[in-house]
Structures are given as C-alpha cells and as structure tokens.
Amino acid sequence: MDGSEHDELVRSWSRALRASGEPAPPGSDIDKLLHWLVGDFAEALVATPFDPTAGARIGAALATVAAGTHDVPAASAPILWNLVGPDADSAAVTRMAVLLTKLGEGFGAHRQQRFAADAEDRVRPSKQSDERYRVVFENAAVAIAIGDTNGVLLDANQKLADMIGVPIDELRGISVYEFAHPEDRERIRNLVYQKLVPNRQGTVKLEQQIGRVDGSYGWATFSITFVQGGPGLPNYLLAVGEDVTEQHRMRQELHRQARHDPLTGLANRRQLLERLDVVMKEAGGHEQIGLCFVDLDRFKHINDRYGHGTGDRVLAAVAERLNASVQNLDCLVARIGGDEFVALVPPPVDAWKIGRVADNLLGALTEPVTTNSHQVQVSASIGAVLTTVQSGQAETLIDAADTGLYRAKNNGKSQWVLHMLADGEDADPEQLNRYIPTADATEDPPQR
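Residues numbered from 1 in each chain as written. Predicted model: local features only at pLDDT ≥ 70, side-chain atom pairs only at ≥ 80, totals over all residues. Heavy atoms only, no water.

With respect to the overall build of the protein
In plain terms, the rule: Each helix is a run of H or I in the DSSP string that is no shorter than four residues. Each strand is a run of E no shorter than two, and both are numbered from the N terminus. Each residue's exposure class comes from its accessible area (1.4 Å probe, protein chains only) as a fraction of the maximum for that residue type: buried when under 20%, exposed when over 50%, partly exposed otherwise. Note on contacts: a residue pair qualifies if any of its non-hydrogen atoms lie within 4.5 Å across the two residues. Per-residue and other accessible areas follow the Shrake-Rupley method at a 1.4 Å probe size, with only the shown protein chains counted as cover for residues.
A tally of regular secondary structure across the protein gives 15 helices and 13 strands. Sorting the 448 residues of the protein into buried and exposed places 45% on the buried side. The contacts of the protein with a sequence gap of at least 6 include a subset with a gap of at least 24, amounting to 61%. Counting only carbon and sulfur atoms, one obtains 50% of the accessible surface of the protein, whose full area is about 22,500 Å².

Laid out in structure tokens, this is it:
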C-alpha cells in the first residue's frame, strides 16, 4: 500500500468512527493514532511468525479513541478489510479474520477494565463520586450489572438491557441465572460460590451464552468482581461484560474453515485425522474400522483438456456424489488433496460393509459429470483397509489404504482392493493380507 492509499484509508476510518461522518480536523490526535494503527495492522498481516495478539493491542489502543459510533470494532472491520484487497489468498483472509477477532477482544477487555474501575466508585459516599458513577454507568459502551451475593440483580445499565432485549426495570430483582443458558448455570454457580464469595475478594472471568427476550441465545464475556461494601454497606458482585456473539461466530467459522476443504466443502485431512483419533479412542479394542482411499483415474487429462476451472467444477460435483453415496452408512468423506478422497467407515464394520461402501463410491461415478457444455466421464480406483482399532495410528491406516490404492490402479481402473490388517500388525505393505472382492460383495450378508 502506497502513501496515498494509506492516507485515504485513515480518512475513511476516521469518518467511520465519527457520528457526523466527517473526518477529524487535519493533524488531529485521532488521525495520528489511526495512521499508526493502520501501519501496525498492515505489518501484522505479513509478519513472520504471525502474531495474532497484535490485533488485541490495536483494539486496546482503539478503546482510547473518543468515537461517535457505539460499536467501534464493527465500524472498523470493513475499513481494515481493504488492507487485504479483493484478490487476497486464503492465508491473508484467515489472518485478517483472526486479527479482527482479536481487535474486538482487545477493545472489549480495555473497556471492561476502565469501566469496572469507575463503577467501583459507587461504594464511595461522596455525592460527586456517585454522580460521576451514574454518568459512566448509564452511558458505558459495555454491559454493567450489580448484584447481591446471592446473584439477584440490584442494578443494570442500558447496555445490558439492550443485550437481553428487556427494559432495565424488568432486570432489577431477578436472578442472573434467569438469562444464563441452562448448560452454563452450574458452572457460573461454582465459579461464584466456590471461588468469589467464600474468599470475599477476587475476579472471575467467563464466556457464556446469554438468553434474549426473543428466545435466542448470544454470547457474552463477563468479569465478575467481589466488592466489599465497607462499614454499614453490603457486599456485592460487580459484573462487566460485552456481547461477543460476532467474535464467537467468527471463531466458529475459522474453526470450520480450518477443518473443511474450501473447494468441495468436505472435511479436510485435519478433520479426518481428528475424527479417526476420536473413533479409535472410543471404539473397543476388538472392534474394526475401515478406510477407503479414493483416487480419480486420469484426472490430469481432464484438467489438460478442459482447463482447471472445469476441473474444479468436476471435483466439486464428484465430492457431492461421493458424500451422498455413503451417508446412509455413517461415513465421513474427506478430500485430502488434489483428486484424492478418503471415506472413514466407523465401527461396526466388516469386510461386507466396507465392500458395500467401496461399491457405492464407485457407483456414484457411473454417470458422467455435466459442467458448462461438457459431459465428463469420471472413474476412480479405491484402496481400502480394514483393521482392528489396536492395529495402528491414524496416519498409518491412511498409508495402508494408499498402498492398496496403487495396487488397485495396477490391476486396472475403476475397481477397489481391500487389505485386512491382522491384530498387532503394522502397515508394512509386505505384511498386508490382500482381500479380493467377489461378485456378490454388494449383496446382503446371510441372515443368522
């Protein structure tokens, strides 16, 4: 980004943070700060190693700006997205999303600390202190609640009322557990009544689901502090919080992106290995698991003949067919790279079932794939492995299925070969017991 683009982004950011929509006067302290923060953000995007806490530091600095908008992170995000540009790769987009999430967290944490300190002035007896408290309390950009040591709300500000969707008067006198998610209530009780109240000091921090008046749930972070009331005044709990629903959604989306293939939407290698580890831990030692390693035949020819754009569309269509073909068999289908897919067949599974899975996968490719004006015939070869849970680790099983794949390809296209690992064996290709599928592999097993 050159100097003029940098300055224009600073002006846009300044306008977004001001209620009037006009930029700050030239040379203002706000624009100087934004100028530095744009540079810091741009450096954080390309830094090696990547440091996501840079976003939190920028968010904390933003919390010191006298902004006209009530939601500074939300106003800042679309401006800062311009730093990656429309043609950014997935790595830059992921870094930007992480930095913006951390920016929101840093902004909220700084605001919470500042307003918590001001709110504690309520216990001071002077009129001037009380008036200052009310101004901060009622106009704070974070949610503030004061409750007794039993969890009954004594006071709340407008931000908390807006977060829940009810008038302030309806909050006073109710238990905080009424708007906590049922799954969170016991955890909150334990934090408050096993840590805060017995010790009569300290702060606990939590992230929880918070109920809204329309029946939906959002997410909020709260810092709950035990405050001693002093002579003649009761002790109370001070909670300072912020709605982090969007940040939580963004984290979930980042988690999803990290475990899904962006082209096909299938699970990726990372999710496959995680799921395989879970299946192996939960299954009994006598149970079997299966993998089918699917490789498209001569897919390079499709790319060379029709172009990579058509090739990508073919891959997406193939992925959808493969996934649909084994959904009734409780299989996870993952794309692990290029034109390679793996189907995980969890327990209970035997040679008959994994044969059925392999046949379904091949059958899904019988009809040609239609994309644009082309009809593309696609076939695949499958190497499968069937083993007891004790027979190997996740990567080892994938390697064994991969070995079977190449044996299948050597025997001709559009077929599958199954290897069964005996108990205690590793995935050495020379020790694999080859299983040849028979013509009746897809028939129902005999009734017992």
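Examining the nonpolar core
Keep this limit in mind: Working definition of a nonpolar core: buried Ala, Val, Leu, Ile, Met, Phe, Trp, Tyr and Cys residues. They are joined through side-chain atoms within 4.5 Å.
In terms of nonpolar packing, the biggest core is built from 36 residues, with C292, L296, V318, L322, F341, L361 and V378 touching the most fellow members. The greatest single-element share of this core, amounting to 6 residues, is contributed by helix α14 (residues 351–363). Contact partners of V378, with chain neighbours within four places excluded, come to L296, I302, V314, V318, L365 and V369. Ranked by size, the runner-up nonpolar core spans 29 residues in total, among them L9, L62, A75 and L103.

Points about the pairing of strand β6 (residues 288–296)
Each regular strand carries side chains that alternate between the two faces of the sheet. Selection rule: Note: two strands are recorded as paired if DSSP finds a minimum of 2 bridges between them.
Along β6, 8 of the 9 residues are buried, which leaves the element largely enclosed by surrounding structure. Sheet topology places β6 next to strand β8 (residues 340–345); 6 bridges connect them, and they run antiparallel. Bridged to L291 within β8 is L344.

Digging into helix α3 (residues 53–62)
An α-helix turns once per 3.6 residues; consequently, residues spaced three or four apart project the same way. The test is simple: For this quantity, the arc is that covered by the directions from the helix axis to the C-beta atoms.
Those residues of α3 that sit buried are A54, G55, I58, G59, A61 and L62. Seen along its axis, α3 keeps its buried residues to an arc of 160°; they face one direction.

Observations regarding the pattern of salt bridges
Basically, it comes down to this: Salt bridges are counted wherever a side-chain nitrogen of Lys or Arg sits within 4 Å of a carboxyl oxygen of Asp or Glu.
For the structure on display, the rule yields 17 salt bridges. In this structure, R249 engages E246 in a salt bridge whose closest nitrogen and oxygen atoms are separated by 2.7 Å. Within this pair, R249 and its partner E246 are both found in helix α10 (residues 245–258), separated by 3 residues, close to a single helical turn. What makes R249 partly exposed here is its relative accessible area of 41%. Look at the salt bridges and you will find they share partners, linking K102, E105, E207 and R251 into a network.

Remarks on the confidence of the model for the protein
Basically, it comes down to this: Summary of the metric used: pLDDT quantifies the predictor's per-residue confidence within the range 0 to 100.
Looking at the protein as a whole, the pLDDT averages 80, with 80% of positions reaching at least 70. Of all secondary-structure elements in the protein, the lowest mean pLDDT belongs to strand β13 (residues 433–435), at 39, while helix α13 (residues 308–325) reaches the highest, 94. Counting contacts from residues 121–129, a segment whose pLDDT is below 50, to residues more than four positions away or on other chains yields 10 contacts. Scored below 50 in pLDDT, residues 423–448 shows 38 contacts in the model against residues more than four places distant or in partner chains.

Some details on the pairing of strand β2 (residues 153–156)
Here strand β1 (residues 143–147) pairs with β2 via 3 bridges, running antiparallel. The residue of β2 that forms the bridge with G147 is L153. Taking the residues between adjacent antiparallel strands as the criterion, β1 and β2 are bridged by 5 residues, where G151 takes a positive phi near 90°.

Section: unusual backbone geometry
A cis amide bond links T48 to the next residue, P49, at an omega of 0°. With respect to the helices and strands, the residue P49 is situated in the loop between α2 (29–46) and α3. The omega angle of the peptide bond from P347 to P348 is -5°, so this bond is cis rather than trans. Here P348 shows up in the loop between β8 and α14. Of note, the phi angle at D330 is positive, near 60°, even though the residue is not glycine. On the accessibility criterion, D330 (48% relative accessible area) is partly exposed.

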